[in-house]
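This is what each chain is made of:
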Amino acid sequence: MSNWIIYGIGFLAQLLFSGRLILQWALSEKSKKVLTPSIFWKLSLIASFLLFVYGYLRDDFAIMLGQSLTYFIYIRNLQLQGEWQKAPKSLRWFLYLFPVLIVIYSFNNNVYDLTKLFKNEAIPLWLLLLGSVAQVIFTLRFIYQWIYSEKNKKSSLPFGFWLLSLIGSSMILTYAILRKDPVLFIGHIMGVVIYFRNILILRKQQNS
């Protein structure tokens, strides 16, 4: 597959990720409090699907790891908001099974193996570890958010979510610069600003 198609998929995913943040940020600024609209989770799920494909096409384990860990949390938040059940059953099953099927297909057909994933000549081991740790920290925000939402029986974006977002995104931005990956760079340069702004809004909201 040509590089422009692969990068096109990646940029579309990041555009959707950025779009959800800008929309959430704009709605929060307007209401003077941090909101969690359902469109945030819908765009997150679509973008995660596309970025998983992008990571697969680039043989980038760090990207695939990050998306695999958050993909189903997006689905769970849609379930908590009552939006997941509104989607066609066939679409729900497809979205459930896609990440699993693509990994099984790839290994069974020798498209890639663990050696290729962890010993990619284009990504030194130390850089792969940096990217993986960054993705894990970035993903912890959604694990934290998921536990918080399950406890409160309501989908919400608490302070810890935005703090982990800022730390993880800053690390991924560093990885993107070292990896010379324009997709990750563009996606996270804006995210760092929005995460910081949401922290300020939430702080002001808690103190009022």
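What counts and how
- Residues numbered from 1 in each chain as written.
- Predicted model: local features only at pLDDT ≥ 70, side-chain atom pairs only at ≥ 80, totals over all residues.
- Heavy atoms only, no water.
- Helix = DSSP H or I, 4+ residues; strand = E, 2+ residues; numbered from the N terminus.
- Buried < 20%, exposed > 50% of the residue type's maximum accessible area, 1.4 Å probe, protein only.
- Contact = heavy atoms within 4.5 Å.
- pLDDT = per-residue confidence, 0-100.
- Polar contact = N/O pair within 3.5 Å; in protein donor to acceptor, adjacent residues only side chain to side chain.
- Salt bridge = Lys/Arg side-chain N within 4 Å of Asp/Glu carboxyl O.

Visitor: I'm lost on the overall build of the protein chain in this one. Help?
Guide: Assigned secondary structure in the protein chain consists of eight helices and zero strands. What you see in the protein chain, going N to C, is helices and strands ordered as α-α-α-α-α-α-α-α. Within the protein chain, the fraction of its 208 residues that count as buried is 46%. Of the contacts formed within the protein chain by residues at least 6 apart in sequence, a portion of 74% connects residues at least 24 apart.

Visitor: Sorry, what's going on with the confidence of the model for the protein chain here?
Guide: Regions with low pLDDT should not have their predicted coordinates read in detail. Summarising the model, the protein chain shows a mean pLDDT of 84, and 89% of its residues fall at 70 or more. Put simply, helix α5 (residues 114-118) is where the protein chain has its lowest mean pLDDT, 52, and helix α7 (residues 159-179) is where it has its highest, 91.

Visitor: I tried to follow the side chain of serine 165 on my own but got confused; where do I start?
Guide: Mapped onto the secondary structure, serine 165 falls in helix α7. Engagement of the side chain of serine 165 in a polar contact is seen with the backbone oxygen of phenylalanine 161, the distance being 2.6 Å. Setting aside its immediate chain neighbours within four residues, serine 165 contacts Phe138, Arg141 and Tyr195.

Visitor: I keep staring at the pattern of salt bridges and nothing clicks. Help me out?
Guide: A side chain of one charge can pair with a side chain of the opposite charge if their charged atoms are brought near each other. Enumeration according to the criterion identifies five salt bridges in this entry. Among the ionic pairs, arginine 76 bridges to glutamate 150, the shortest N-O distance being 2.4 Å. You can see arginine 76 sitting in helix α3 (residues 61-80) and its partner glutamate 150 sitting in helix α6 (residues 125-152), a full 74 residues away along the chain. Residues glutamate 83 and lysine 86 are paired through a salt bridge, measuring 3.3 Å at the closest nitrogen-oxygen approach. Judged by its relative accessible area of 18%, glutamate 83 is buried. Lysine 86 gets classed as exposed once you look at its relative accessible area, which sits at 61%. Connected through shared salt-bridge partners, Lys42, Glu83 and Lys86 make up one network.

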